[in-house]
Every structure is written in structure tokens, then in C-alpha cells.
Amino acid sequence: KILSTGNGKCNFSNSNVTPEKYNDPYFVSLFLDELTPTKLCDILSDLGLMYREDSEGRLYPYSETANSFLDVLRNSIKSLNITEKCNFEVNKIHYVNDEFIIENTRRQEIRADYVVLATGGKASPVLGSNGSGYSLLKPWKVKMTDTIPGLVGIKVEKDEITGLSGIRYKARVSLIDKKAKQKVYEESGEVQFKDDGVSGIVIMQIASMIARTNIAKSHSNYYLELDLLPDLTDDELINKLMKRRTTYKDFETMDFLSGIFPKVLGLLLLKKAKIDLSKHVEDVTNKEIIKLVSIIKTFNLTYKDTYGFDRAQVTIGGIDLGEIHKGNLSIKKVPHMYACGEVMDVDGECGGYNMHWAFTSGYIVAKNIIKECELNG
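Per chain, residues are indexed from 1 in the order of the written sequence. Owing to the predicted nature of the model, reporting of local features is limited to residues with pLDDT of at least 70; listing and counting of side-chain atom pairs is limited to 80 or more, with chain, interface and lining totals taken over all residues. Computation of side-chain values: all heavy atoms of the structure, hydrogens and water removed.

Draft legend 1. View of the environment of Asp-177. Assignment of secondary structure puts Asp-177 in strand β10 (residues 168–177). What makes Asp-177 buried here is its relative accessible area of 13%. As for Asp-177 and Tyr-222, which are separated by 45 residues in sequence, their C-alpha atoms are 4.9 Å apart. When residues no more than four places from it in sequence are discounted, the contact partners of Asp-177 are Gln-182, Val-184, Asn-221 and Tyr-222. Distance and chemistry together define a polar contact, namely a pair of N or O atoms within 3.5 Å, with one atom able to donate a hydrogen and the other to accept it when in protein, and with adjacent residues in sequence counting only for side-chain atoms on both sides. A polar contact is formed between the side chain of Asp-177 and the backbone nitrogen of Ala-180, at a distance of 3.1 Å. Think of it this way: any DSSP run of H or I at least four residues long counts as a helix, any run of E at least two long counts as a strand, and we number them from the N terminus. Only protein chains enter the calculation, and the probe is 1.4 Å; a residue is then buried if its accessible area is under 20% of its type maximum, exposed if over 50%, and partly exposed in between. Here a residue-residue contact requires only that any non-hydrogen atoms of the pair lie within 4.5 Å.

As C-alpha cells, then:
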């Protein structure tokens with residue numbers, strides 16, 4: 001999954017890491033100070049990684065290739081004489097006489113004193129996160145919370161975005177509660193239109209928020225509202241379009257929004273406002289302009305579903321945090337077994353926060369195993 005993060009550029013952390021970036025701020029606050037973004041970068045630098053930070057605080061390898069990041073980690077493993085076993089799909093873990101027997105699908109075994117579950121959740125199963133971590137814990141009846149796709153695109157009614165597939169457009173996006181008639185969440189960012197839905201960071205953030213609050217179970221009560229020109233008030237936009245009506249009076253109405261929106265988006269907006277495309281711009285009425293502005297400022301999309309775990313970047317849910325020791329991330333019901341990363345019910349916003357949690361939790365687990373080994377001789 002390292003190779004896919006940050007669209008292959010490997011957004012491994014963010015300088016703006018805070019507990020509030022995660023679903024359970026209290027739980028993660030117990031650990032984040034142990035491995036700050038600065039400390040993580042220092043460790044990676046010592047391993048040979050050059051990195052850079054973008055304007056949003058996202059941290060990437062200087063090469064902007066995930067392979068560079070992976071190479072650094074694998075070289076470090078090799079230098080420490082650690083055995084790396086690939087194609088060893090674990091399907092059973094037994095704990096017998098204070099020892100783990102780890103068995104794969106071909107009935108091959110590895111014996112170990114400690115086990116760390118770093119299996120990820122269920123997001124992007126093609127990359128390995130297929131929920132196996134949850135199954136491995138079933139013999140010990142470790143409690144799990146419901147798992148839902150997070151940081152994923154949202155499906156909407158197709159006829160609401162006809163012809164927009166492939167368009168990318170910056171907007172202010174709000175999640176609206178129909179019954180309460182109020183905004184539940186709002187964020188600005190680039191929206192990527194697909195044949196049957198929308199994606200982009202802002203959309204994926206909203207999908208995670210929906211999953212966290214179980215809004216998905218009653219999604220018919222909610223819709224997305226896009227303000228396509230958030231820098232202008234309704235009145236400012238009305239005045240601009242009225243002036244434009246005079247300036248472009250001899251143009252056909254289909255070109256009324258040219259230069260403001262991509263052609264296909266402009267045409268869709270005009271159609272939604274039920275403006276006759278065969279007439280000239282000078283014939284557009286004040287009433288039609290007001291209606292058009294309303295549609296531009298509140299471009300509504302019906303929330304239907306997400307694109308599921310296959311396209312999700314993170315899993316909402318996982319090992320119930322009540323099953324985890326808050327001091328060292330060990331699993332209460334299984335001696336010498338630890339969990340780190342996405343397999344737990346911890347998820348963060350888009351922008352390197354989930355990767356940072358993976359490294360932080362891994363760092364905590366490693367420190368505690370080392371401590372236990374030293375105490376046990």
C-alpha cells in the first residue's frame with residue numbers, strides 16, 4: 001500500500017499532525033508525541049531518505065516516487081539481517097505454551113515469541129488489505145466495530161452530472177441534512193466528476209465523516225451541495241451576469257458562461273436553469289439569471305452510496321479500542337500480541353495522517369517489544 005499512497009508519490013506524513021485529525025482524538029493523543037512528524041523525518045533521513053514538504057504540510061520523498069521510500073525501508077531491513085518473507089499468506093495463528101505458531105495457506109509454519117498485526121483493514125483489498133487481520137483474531141473473540149469504507153468517492157444520481165465525467169473543478173462542498181435543513185459538514189477543494197459520482201480529497205473527507213457518524217445508514221436524508229463560485233456572493237454574481245448579458249448580447253445563450261466554467265459544465269448549468277439555448281444572451285431575463293445563480297451557488301447532488309472498499313483508501317472501524325492496552329498497543333486477550341495501523345479502529349483525514357498513524361503505532365509497538373525482551377533477558 002506504500003506504493004499507492006499519495007497517487008504513487010508516497011505522502012508518508014503531514015507536518016500538521018494533531019489528535020483532531022483522527023476519529024478518536026483522545027486515543028491517538030496518548031501516542032502522537034512519541035513520534036512527531038519531525039522525529040519521523042529525522043529517522044527516515046538517517047536511513048537515507050530525502051524528503052520535501054508541500055504547501056499543505058504533506059510530506060513526500062524528494063523524488064516523489066513511492067519506490068524511493070520503499071527502497072529505504074527495505075535496505076534498512078536488509079542491513080539489520082531481518083528476514084523478509086513474501087508470498088506467505090497467514091491464515092491461522094495459534095498460541096501454545098507461551099509461543100505463537102503462525103501458519104500460512106500452504107500449512108507452512110513460523111514460530112515466534114511476539115506477533116504484530118499490521119494487516120491493514122479492508123480498504124483496497126487488491127493491495128492486500130482484505131480483512132484478514134480481523135479473521136486471525138476470531139479464536140480469541142476480540143471485539144470489532146463495524147467496518148465501513150472511508151476516504152472514498154461518492155456515487156450520486158447520474159442525470160445530475162450528465163456529461164461531466166473527467167472534469168475537475170474547485171468548489172465549496174457541504175453535506176446537507178434535509179430534515180434539519182442545515183449543513184452538517186463543509187470543506188473546500190477540488191471535485192473530480194465521474195460517470196456516476198464524484199471524488200477528490202474534499203469528497204473523500206465527507207465520505208469518511210458520513211461513515212464515522214453512521215449517516216450512511218440513512219443516507220436518503222442527506223445530499224451534497226456544491227458552491228461552484230464560493231468567492232462571490234449571490235448578489236455579486238447576479239451583477240456580473242447582468243453586465244455579461246450586455247457585453248455578450250449578440251452571443252448565443254450556450255456561450256453565456258464560457259470563460260467562467262468548462263464548456264460542458266456551463267451548458268449543464270444553463271440546462272438546469274431551463275434557459276433556452278437557441279436564443280441570444282441579450283434575451284436572458286433577470287428571473288433566469290437569478291435562477292441560474294441559485295443553481296451555481298447550490299449545485300445539489302443526491303448522495304446514493306460510496307464506491308466501496310475496492311476504491312477506499314482507509315477503513316472506518318476495526319479492532320475495538322477497548323480491546324487494546326492504551327499504554328503499549330498490545331491486545332488485552334492475547335499475551336505478546338500487538339496491533340498497529342489501520343487494523344485498529346483508528347482512521348485519519350486524507351493528507352498523510354493515516355500513514356503517520358501507521359508509523360507512530362509501529363514505533364510504539366517496537367519500543368515495547370524491545371523493552372519486554374530486555375526485561376525477559
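Draft legend 2. How the structure looks around the packing of helix α2 (residues 37–46) against helix α9 (residues 353–375). Fitted lines through C-alpha atoms give the axes, limited to the stretch in contact for helices. The angle between two N-to-C directions lies from 0 to 180 degrees. Running from N to C, α2 and α9 cross one another at 75°; their axes reach a closest spacing of 11 Å. As judged from the angle between their axes, α2 and α9 are roughly perpendicular. In contact with Pro-37, Lys-39, Leu-40 and Ile-43 of α2, α9 contributes His-356, Phe-359 and Tyr-363. These descriptions rest on fixed angle ranges, namely under 35 degrees for roughly parallel, over 145 for roughly antiparallel, 65 to 115 for roughly perpendicular, and the rest for oblique.

Draft legend 3. Examining the packing of helix α6 (residues 234–247) against helix α8 (residues 286–297) more closely. At a closest axis distance of 10 Å, the pairing of α6 and α8 adopts a crossing angle of 130°. One element, α6, and the other, α8, form an angle in the oblique class. The handedness of the crossing between α6 and α8 is right-handed. Residues Asp-234, Leu-237, Ile-238, Leu-241, Met-242 and Arg-245 of α6 form the contact with α8, whose own contacting residues are Asn-286, Ile-289, Ile-290, Leu-292, Val-293, Ile-296 and Lys-297. Lys, Arg, Asp and Glu make up the charged group, whereas Ala, Val, Leu, Ile, Met, Phe, Trp, Tyr, Cys and Pro make up the nonpolar group; the residues left over, Gly among them, are polar. Split by residue class, the contact of α6 with α8 holds nine nonpolar, one polar and three charged. Left-handed is the label given to a crossing in which the near helix is rotated counterclockwise from the far helix by less than a right angle, and right-handed is the label when the rotation is clockwise.

Draft legend 4. The arrangement of the sheet that holds strand β5 (residues 99–104) in detail. Strands are treated as partners if at least two bridges between them are detected by DSSP. Taken in spatial order, the three strands of this open sheet run β4-β5-β6, and their pairing is antiparallel. The sheet is open, and its two edges are formed by β4 (90–96) and β6 (109–112), each paired on a single side. Between one strand and the next, the sheet's axes are offset by a mean angle of 20°, whatever the strand orientation. Sheet topology places β5 next to β6; four bridges connect them, and they run antiparallel. Across the sheet, Phe-100 pairs through a bridge with Ala-112, a residue of β6.

Draft legend 5. Here's a closer look at the environment of Phe-251. Along the chain, the position of Phe-251 falls in the loop between α6 and α7 (263–272). By relative accessible area, Phe-251 is classed as partly exposed at 39%. Taking the C-alpha atoms as reference points, Phe-251 and His-280, 29 residues apart in sequence, are found 5.7 Å from one another. What Phe-251 contacts, discounting residues up to four positions off in sequence, is His-280 and Val-281.

Draft legend 6. View of the nonpolar core. Side-chain atoms within 4.5 Å are what join buried Ala, Val, Leu, Ile, Met, Phe, Trp, Tyr and Cys residues into a set we call a nonpolar core. Core analysis: the largest hydrophobic core is formed by 49 residues, its most contacted members being Ile-154, Phe-193, Leu-226, Leu-228, Leu-269, Leu-292 and Phe-299. Counting residues per element, this core draws most heavily on helix α5 (residues 201–212), which supplies six residues. Every residue in contact with Phe-299, bar those within four places of it in the chain, is listed here: Glu-160, Leu-164, Phe-193, Leu-224, Glu-225, Leu-226, Leu-228, Leu-268, Leu-269 and Lys-272.

Draft legend 7. Local environment of the sheet that holds strand β2 (residues 51–53). Here we have three strands laid out as an open sheet, ordered β1-β3-β2, and antiparallel in their pairing. Unpaired on one side and paired on the other, β1 (13–14) and β2 mark the two borders of the sheet. In this sheet, strand β3 (residues 58–61) lies alongside β2 in antiparallel orientation, the contact comprising three bridges. What sits directly across from Tyr-51, in β3, is Pro-61.

Draft legend 8. Representation of the pairing of strand β14 (residues 299–306) in the model. Sheet analysis places strand β9 (residues 154–156) next to β14, joined by three bridges and oriented antiparallel. Following the sheet pairing, Lys-155 is matched in β14 by Asp-305. Sheet topology note: the strand β13 (residues 222–227)/β14 ladder contains four bridges and is antiparallel. Bridged to Glu-225 within β14 is Asn-300.

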